[in-house]
Every structure is written in C-alpha cells, then in structure tokens.
Amino acid sequence: MQHHSSDWEPRYARRAARMSGSEIRELLKLLEQPDVISFAGGIPDPALFPEAEARAAGAEIMADPKRARSALQYAVSEGDPGLRSWIAAHMTGLGVPCDSDNILVTSGSQQALDFLGRMLLMPGDTTLVRWPTYLGALQAFNAYEPRYDRLDPEGANIDAAGYAAAARDGDPTRAVKFAYTVPDFANPTGATMTLGAREKTLGLADALDIAVIEDAAYTALRYEGKPVPSIMAIDVARSGDVNASRVIYCGTFSKTLSPGLRVGWICASKALISRLVLVKQASDLNSPPLNQMIIHRLAETVFDAKVEEARGEYRRRRDLMLAALERHMPAGVSWTKPEGGLFIWVSFPDSVDTKALLERSVAEAKVAFVPGRAFHADGSGGNTARFSFSLASAAQIDTGIMALAPLISQDAQPIS
Ligand SMILES: Cc1ncc(COP(=O)(O)O)c(C=O)c1O
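Predicted model, so just to flag it, every value in this text is computed and none were measured.

A. Here's a closer look at the domain arrangement of the chain. The assigned domain composition of the chain is domain 1 (13–42 + 305–411) and domain 2 (59–301). Here the C-alpha centre of domain 2 lies 26 Å away from the C-alpha centre of domain 1. Opposite the 31 residues of domain 1 that make contact, domain 2 presents 29 residues. Overall, the association of domain 1 and domain 2 removes approximately 2700 Å² of surface from exposure, summing both partners, and the carbon and sulfur fraction of that is 57%. Its salt-bridge partner being glutamate 339, residue arginine 222 comes within 2.8 Å of it at the nearest N-O pair.

Pasting the structure below:
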C-alpha cells in the first residue's frame, strides 16, 4: 500500500504505541485562561528560586576564562567532579555512606528513570509500582514495554512467588525486574511510607532478587514529623556497603534549587553506575556543564537556606489547603494529610468522575486539579484527584476550594 509521506503511523516502532499523548496534558491546556485558579501543576513556586544567587554564580563562572571554557566545552559523562563529590557527601549525610564513584549526574531525575528502564527492562517484564504512582515514571518506563503489577507493602499480602508467577504468565523469559516507589510525600498522593513498609519492600525485593528504584524527588521538603530512613539507607545499614545495595536512589535539585537547570542524580553501586555512564554517553554525552557548575555553587552556598525557606512557605500553603478542604468539602470526600511535598490526594464518592468534574470545574468554578485516573497503571481511580498547593496564593486556595465544593455535592447526587 502506498503511504503518503506525511503518514507517520506505519513507520513507528512498536514501543511508540505506548507513548501516547497524555489526556491530562490536553485538559491542562484549558488552564491557560488567566482567571482559572490552578491546583493542577505540581511545579515549584518560581518566587522561591535562588535567582540572584544563580545569576551571580553564572556570571562568576563565565568571568573566569578557564572555568568559562570548561562550562562551554563537552564534559565527562559521569558529571562535574565537584558536584558529584557534593552529592556523595549529601548522600552520606542521609545515611548512605558513598563516594563520587557511586554518583551519576543526570538531566533531572526524569532522565534517571528513563535510563533505568533502558538498563533493566525487556519487553513484557514486570515492574512493581504503587497504585497510584508518578505519571512521569509510567511514561519513562512505558517506552520499554513493561507490564505493571501493584506494589502494596501496606497491604497484607506481599507474596513474592505470586508476583513472579504473574510476571512469567507462562513465558519463562519474563520476570519482575524492579519495584519503583516515591517513599517520601509521593507524587501524586502526598503519602509517606512507614519504616515497616520500606522494610517490607526490601524484603520483597530480596525474595524476588530484584532492584528497588527509590525516587526521592520530594525528600528535602518535610514540613513536620521525623524523617524516615531512605530504603537505600536501610539496605546499606544491613550490608554495610553501598556497593552491595539492591537499591537505586534517584535524587534531584528540581524541587529545592531549580527544575529548569535539569540537574539530578543516581546513587547506586559502582558496578551499576559504571554501566549507566555508558547509557548517559549514548543518550546525551553529558549534562550541560554550566548548569552543573551553577548547581554546585548553589548547593555549596544556599542549599540549606533555600530548603528551609521552601519548607516554611509550602507548609503554610499545605495548612491553608487542608483547612479549606475541612471547611468547604461535603461529607463523603476524604483527603491525605501529607507531611511534606506538594500534593494532597482527594478521594470523592464513587459516583464522582473527576475527569468530568474537572471539565465542569474549569468552566463553572474556574478551578483546576488533576484527575486521578492517569496515575493508575490499571486505569482505575476515576473518583480521585491530585491537588497541588505549590503555586496558589492563600486567597486562591480558600476561594478555589470553596468554589469547587458545590459542584461535588451536585455530582455526588445519585442518578435516579
Ligand atoms: C516523583 C517525581 N519524580 C521525578 C520527577 C522528575 O523531576 P526532575 O526530572 O525535574 O528531577 C518528578 C517531577 O515532578 C516527580 O514528581
């Protein structure tokens, strides 16, 4: 059959079928109207960026001819040596004693997720994820054609043999390859895994002999309660050696310093890092050295102060949103009370479809949020939604939740 040269569909690889445009992105286009109060985007508040410090750091680097040339040149794939060593010290402070050889700098932790999918997944392999989980992780992994099963360490049944049999599904070459989780203040739920749930996840990984990908994107943003050791710290404490760990830790500066500079990292055993360096080389050779140098400078000078400031500001907004939900939401609606991060997860009565609710909400109440279905690998969760408090002002938070509430009462009416 003759195809017109603009008909691209027949030319795509099979994996492209799983890279469908997100229906959420389509819905979020509606939000470009300036009068809509948005609880949808999960992005950091730009008012918290270390803008003056980044400007000064960039100018200082570019004013020094030697550093300017390094900043403008190709660079080693592993990442800026000074930055890697700062990250290794940071990880050591988080209970994971390690050195620079355990660190690969990535272009955000999103690139880390892509690389790990590439390194670990064969088509048909299973990855264990939370239900719901970070949408960007599903998008990154989908390119490698995995299947998903539910990681539920808070549930009663953590049956390794059952997971393995389901993954094989009659084909002995298929296996469970890793478990992926965001243990602190998850996107989208805001939930934090207990120490027990972390230990159970490790126990399951031991029984299946698989890796655990620990996505620590929000870990620094804790507003209350005591930090829980990372899954990697728990694992390293057992063996005494990061190089013996089955955990792969993905960190990022996106939520603390700047998402635009695109600097994140993987902390893992030396053996895995040295293989991942080859993936980095093949993918983009290196992350931009100027960005890494700026992040290194900011990390050394303002990291703690900026994290403190962000915590105070987001804590205040979280409290306002929790209070507004309490004040305005009708009976039958429940929500998480996150100890940190940027998100509250709201569950509506079963009769509410949050995608339809969003359409009405944008049109009638001028309020936006993200419907929950997209975060579920199995397409469930139609009555749930993610609300972010990261960008809204105090007045918008109360006004927005108040405007939304009457729509829910109407939506929740049983259809007679
Ligand atoms: C849980 C989680 N992981 C990873 C990322 C990716 O962030 P970045 O690539 O900017 O580090 C995000 C961004 O929203 C996230 O929410």
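After that view, the rundown keeps rolling.
B. Quick peek at the nonpolar core. Among the nonpolar cores identified, the biggest contains 75 residues, and Phe141, Phe348 and Phe387 are the most heavily contacted of them. The element that contributes the greatest number of residues to this core is helix α12 (residues 303–328), accounting for six residues. Two domains share this core, each providing at least three of its residues, namely domain 1 (13–42 + 305–411) and domain 2 (59–301). When neighbours within four sequence positions are excluded, phenylalanine 348 is seen to be in contact with Met329, Gly332, Val333, Thr354, Leu357, Asn383, Ala385, Phe387 and Ile408. Membership of the second largest hydrophobic core comes to 49 residues, among which are Ile103, Leu128, Ala164 and Ala299.

C. How the structure looks around the packing of helix α4 (residues 81–93) against helix α11 (residues 289–301). Closest axis-to-axis distance for the α4/α11 pair is 9 Å, and the angle between their directions is 40°. On the basis of their axis angle, the class for α4 and α11 is oblique. Of the two elements, α4 crosses α11, and the hand of that crossing is left-handed. Touching Gly82, Leu83 and Trp86 of α4 are Gln292, Ile295, His296, Ala299 and Glu300, all from α11. Looking at side-chain class alone, the contact of α4 with α11 contains four nonpolar, three polar and one charged residues.

About the cut-offs
Residues numbered from 1 in each chain as written. Predicted model: local features only at pLDDT ≥ 70, side-chain atom pairs only at ≥ 80, totals over all residues. Heavy atoms only, no water. Domains from an automatic or database assignment. Contact = heavy atoms within 4.5 Å. Buried area = accessible area lost by both parts, 1.4 Å probe. Salt bridge = Lys/Arg side-chain N within 4 Å of Asp/Glu carboxyl O. Core = buried A, V, L, I, M, F, W, Y, C linked by side-chain atoms within 4.5 Å. Buried < 20%, exposed > 50% of the residue type's maximum accessible area, 1.4 Å probe, protein only. Helix = DSSP H or I, 4+ residues; strand = E, 2+ residues; numbered from the N terminus. Axes fitted to C-alpha atoms, helices over the stretch in contact; angles between N-to-C directions. Parallel < 35°, antiparallel > 145°, perpendicular 65-115°, else oblique. Left-handed = near helix turned anticlockwise from the far one by under 90°. Nonpolar A, V, L, I, M, F, W, Y, C, P; charged D, E, K, R; others polar.

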